[in-house]
Amino acid sequence: MLKSAAQIEDLCRNLPQLGRLLESEPVGALLGRWPRDLVMEATRSVLDALRREALNGALDEAGLRERLEHLDLEISEHAQRMARPSLRRVINATGVVLQTNLGRAPLSKSALRNLMEVAAGYSNLELHLEAGKRGRRDAHAEELILRVLATRGARQVESGYAAMVVNNCAGATFLALNSLAEGGEVIVSRGELVEIGGGFRIPDILRKSGATLREVGTTNRTRIRDYESALTPETRLILRVHRSNFRMEGFTEQPTLDELVALGREAGVRVFEDQGTGCVLPLDQFAVREESSWVHSVASGAGLVSASGDKLLGGPQCGLLVGERPLIERLRTNPLARAFRPGKLTYAALESTLLAYLTGQEETLPTVRMIRTPGAELRNRCHALGDRLRGSSQFEVRVVPVRSVIGGGTTPGAALRGYGLALRHPLMSDEELSRALRKLDPPVVARTRRGQVLLDLRTVFPEEDETLAAQLIRLGTAA
Ligand SMILES: *Cc1c(COP(=O)(O)O)cnc(C)c1O
């Protein structure tokens with residue numbers, strides 16, 4: 001609705017003064033709870049927002065009057081938001097298990113317990129307890145990483161191998177290329193010059209590492225001969241990059257990792273694989289085919305392999321490097337290594353995650369449990385939630401079959417069959433409803449599909465069902 005300049009001015013003149021508001025009874029009462037600066041800041045923000053809305057025509061006089069009536073409430077809510085962290089827990093109802101925007105892998109209870117224990121006090125982060133001497137921080141996780149790989153079949157790590165932890169897989173890959181190939185050449189297939197997401201592009205990383213890229217083959221076909229004829233005395237590494245987030249089908253060809261390793265042995269050149277997913281468990285029983293395995297990559301004899309800690313491994317964000325000891329030593333002694341080292345919280349959570357694999361407790365890792373949740377269990381939870389909503393809200397609710405994905409740049413094209421709740425509200429569009437869901441406390445993030453909002457319970461923790469139900473009922477009756 002268009003308004004004359006005079007009308008707008010009038011609306012703006014009707015806004016209360018900041019000073020007067022602070023002296024008023026309800027806003028003044030907030031000063032008992034929060035410092036004056038914070039209340040003032042909140043009041044100013046709310047007034048500014050109101051003025052903006054009046055100026056761009058979003059508010060008429062009646063609308064403004066109503067807002068002014070509840071101004072103290074609005075200011076109080078704004079102050080509350082200012083007094084809490086911006087990074088918060090949310091309920092993930094998207095069905096994407098490793099949703100990068102939602103923080104990828106949730107940690108297990110035992111990882112959280114260990115993390116709290118270590119974080120709340122002092123720890124032997126860099127102290128060798130037996131010798132009473134200074135130790136290395138990544139000595140902690142190293143043993144466990146190697147044991148997990150050995151027990152799952154990569155036996156050769158039992159001698160002559162080492163492992164190292166950095167902040168993330170992108171950092172691991174960069175550090176590896178910089179330490180092993182700076183000033184030399186790295187051979188990569190044109191089919192693997194990929195962007196992983198968030199601007200992590202292999203050609204850019206290579207250039208920044210100081211190595212020269214030697215592209216071989218074509219986008220869809222690269223043969224072992226292509227690698228062979230690109231070898232020169234300047235070759236430092238053969239790089240293999242797991243394509244992570246897309247799949248190529250049809251007229252394609254790519255040598256196996258074993259073939260690359262054999263070629264490297266002959267030529268005296270190491271193979272480095274950016275494996276990415278850190279997948280330890282077989283996924284084929286979940287209709288996930290051809291997924292690269294961290295264990296297989298290490299077992300194939302690649303000199304060095306990098307992977308993420310917070311993808312299929314189900315641990316904290318970190319980059320895991322496993323390889324022949326002399327190579328890891330070169331990474332450790334790179335002056336840049338210090339810039340990539342993680343904090344103690346990472347080691348605490350990582351060690352507990354790895355221990356879950358070594359003690360037969362993989363099911364306690366939320367990502368593993370979510371991937372393995374049977375459809376029938378999801379259907380039962382959906383019906384329970386649906387029945388509650390039908391009885392006490394205006395929502396139109398249907399239990400529908402859905403396909404969840406693992407995500408996070410893993411298992412492209414694979415789908416997990418499950419059930420979800422399709423919601424419709426008589427007074428809200430799907431977009432409005434999903435916005436309202438994101439405003440709940442905790443916020444609920446969901447997908448929209450054909451005018452409905454879809455809640456996929458695979459990624460909702462069963463212990464969150466109760467909160468979810470209560471929040472939805474509140475929203476569905478209030479709106
Ligand atoms: C995910 C992924 C990365 C990036 O990992 P971060 O831990 O997010 O840095 C790098 N390479 C591959 C192959 C990946 O799958």
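It should be noted that the structure appears before, not after, this text.
Bear in mind that the values here come from a model prediction, so they are computed numbers and not experimental data.

> What exactly am I supposed to notice about the overall build of the protein chain here?
Each helix and strand in the protein chain was counted, giving 19 helices and 14 strands. For the C-alpha atoms alone, the extent of the protein chain along its principal axes is close to 80 × 50 × 50 Å. In the protein chain, which comprises 479 residues, the proportion classed as buried is 50%. Contacts in the protein chain between residues far apart in sequence, at least 24 positions, make up 75% of those at least 6 positions apart. Within the structure as shown, the protein chain displays about 23500 Å² of accessible surface, and the carbon and sulfur contribution to it stands at 49%. If the 64 positive side-chain charges of the protein chain are averaged to one point and the 59 negative ones to another, these points end up 1 Å apart.

> Explanation requested: the state of the cysteines in the structure shown.
The term disulfide refers to a covalent linkage connecting the sulfur atoms of a pair of cysteines. Using the criterion set out here, one finds zero disulfides in the structure. The closest cysteine sulfur to the non-disulfide-bonded cysteine 169 is located on cysteine 318, 9.6 Å from its own sulfur.

> What am I meant to see in the site of the ligand here?
Near the ligand you find Arg104, Asn168, Cys169, Ala170, Ile196, Phe200, His242, Ser244, Asp274, Gly276, Ser308 and Lys311, and these make up its full shell. Here cysteine 169 contributes a backbone N or O atom positioned 2.9 Å from an oxygen atom of the ligand. Here alanine 170 contributes a backbone N or O atom positioned 2.8 Å from an oxygen atom of the ligand. Compared with its free state, where it exposes 390 Å², the ligand has 92% of that area covered by protein.

> Any chance you could explain the pairing of strand β6 (residues 212-216) here in plain terms?
Looking down a regular strand, the side chains alternate between one sheet face and the other. As paired strands, strand β5 (residues 185-189) and β6 are joined by five bridges and run parallel to one another. Across the sheet, glutamate 185 pairs through a bridge with threonine 212, a residue of β6. Tracing the backbone out of β5, into helix α10 (residues 202-209) and back to the parallel element β6 gives a crossover that is right-handed.

> Any chance you could explain the nonpolar core here in plain terms?
One broad trend across soluble globular proteins is that nonpolar side chains are buried collectively. One finds Ile145, Leu149, Val157, Trp294, Val298 and Val322 to be the most contacted residues of the largest nonpolar core, which totals 43 residues. Breaking this core down by element, the ones donating at least two residues are α8 (139-151), β4 (161-166), α11 (224-230), α12 (257-267), α13 (294-299), β9 (304-308), β10 (319-324) and α15 (344-358). The dominant element in this core, judged by the number of residues it contributes, is α8, at seven residues. Non-local contacts of isoleucine 145, meaning those with residues more than four positions away in its chain, are made with Ala163, Val165, Trp294, Leu320, Val322 and Leu354. Within the second largest apolar cluster, 30 residues are counted, among which are Val186, Ile202, Val241 and Phe272.

> Whenever I open this one, unusual backbone geometry confuses me. Can you help?
Note: most residues except glycine have negative phi, and most peptide bonds are trans. Residue proline 442 is reached from aspartate 441 by a cis peptide bond, and omega for that bond is 0 degrees. Within the secondary structure, proline 442 is located in the loop between α18 (430-438) and β13 (444-449). Its identity is not glycine, yet arginine 104 carries a phi of approximately 55 degrees, on the positive side.

> Looking at this structure, I do not really get the sheet that holds strand β8 (residues 270-276). What am I missing?
Two orientations exist for strands paired in a sheet by backbone hydrogen bonds: parallel and antiparallel. Read across the open sheet, the seven strands follow the order β4-β10-β9-β8-β7-β5-β6; overall the sheet is mixed. At either margin of the open sheet sits one strand with a lone partner, and together these are β4 and β6. With strand direction ignored, the average angle separating the axes of adjacent strands in the sheet is 20 degrees. Note that strand β7 (residues 235-241) and β8 share five bridges and pair parallel. From the neighbouring strand, leucine 239 faces β8, where its bridge partner is phenylalanine 272. Sheet strands touched by α8: β4 and β10. Its angle to β4, the strand with the most contacts, is close to 120 degrees. Sitting on the sheet, α10 touches β5, β6, β7 and β8, and the angle it makes with β7 is about 155 degrees.

What counts and what doesn't
Residues numbered from 1 in each chain as written. Predicted model: local features only at pLDDT ≥ 70, side-chain atom pairs only at ≥ 80, totals over all residues. Heavy atoms only, no water. Helix = DSSP H or I, 4+ residues; strand = E, 2+ residues; numbered from the N terminus. Buried < 20%, exposed > 50% of the residue type's maximum accessible area, 1.4 Å probe, protein only. Contact = heavy atoms within 4.5 Å. Areas by Shrake-Rupley, 256 points an atom, 1.4 Å probe, with all protein chains shown as cover. Lys, Arg positive; Asp, Glu negative; His and termini not counted. Charge placed at Lys NZ, Arg CZ, Asp CG, Glu CD. Disulfide = S-S within 2.5 Å. Near = heavy atom within 4 Å. Polar contact = N/O pair within 3.5 Å; in protein donor to acceptor, adjacent residues only side chain to side chain. Pairing = 2+ DSSP bridges. Right-handed = clockwise from strand over helix to strand, strands pointing away. Core = buried A, V, L, I, M, F, W, Y, C linked by side-chain atoms within 4.5 Å. Axes fitted to C-alpha atoms, helices over the stretch in contact; angles between N-to-C directions.

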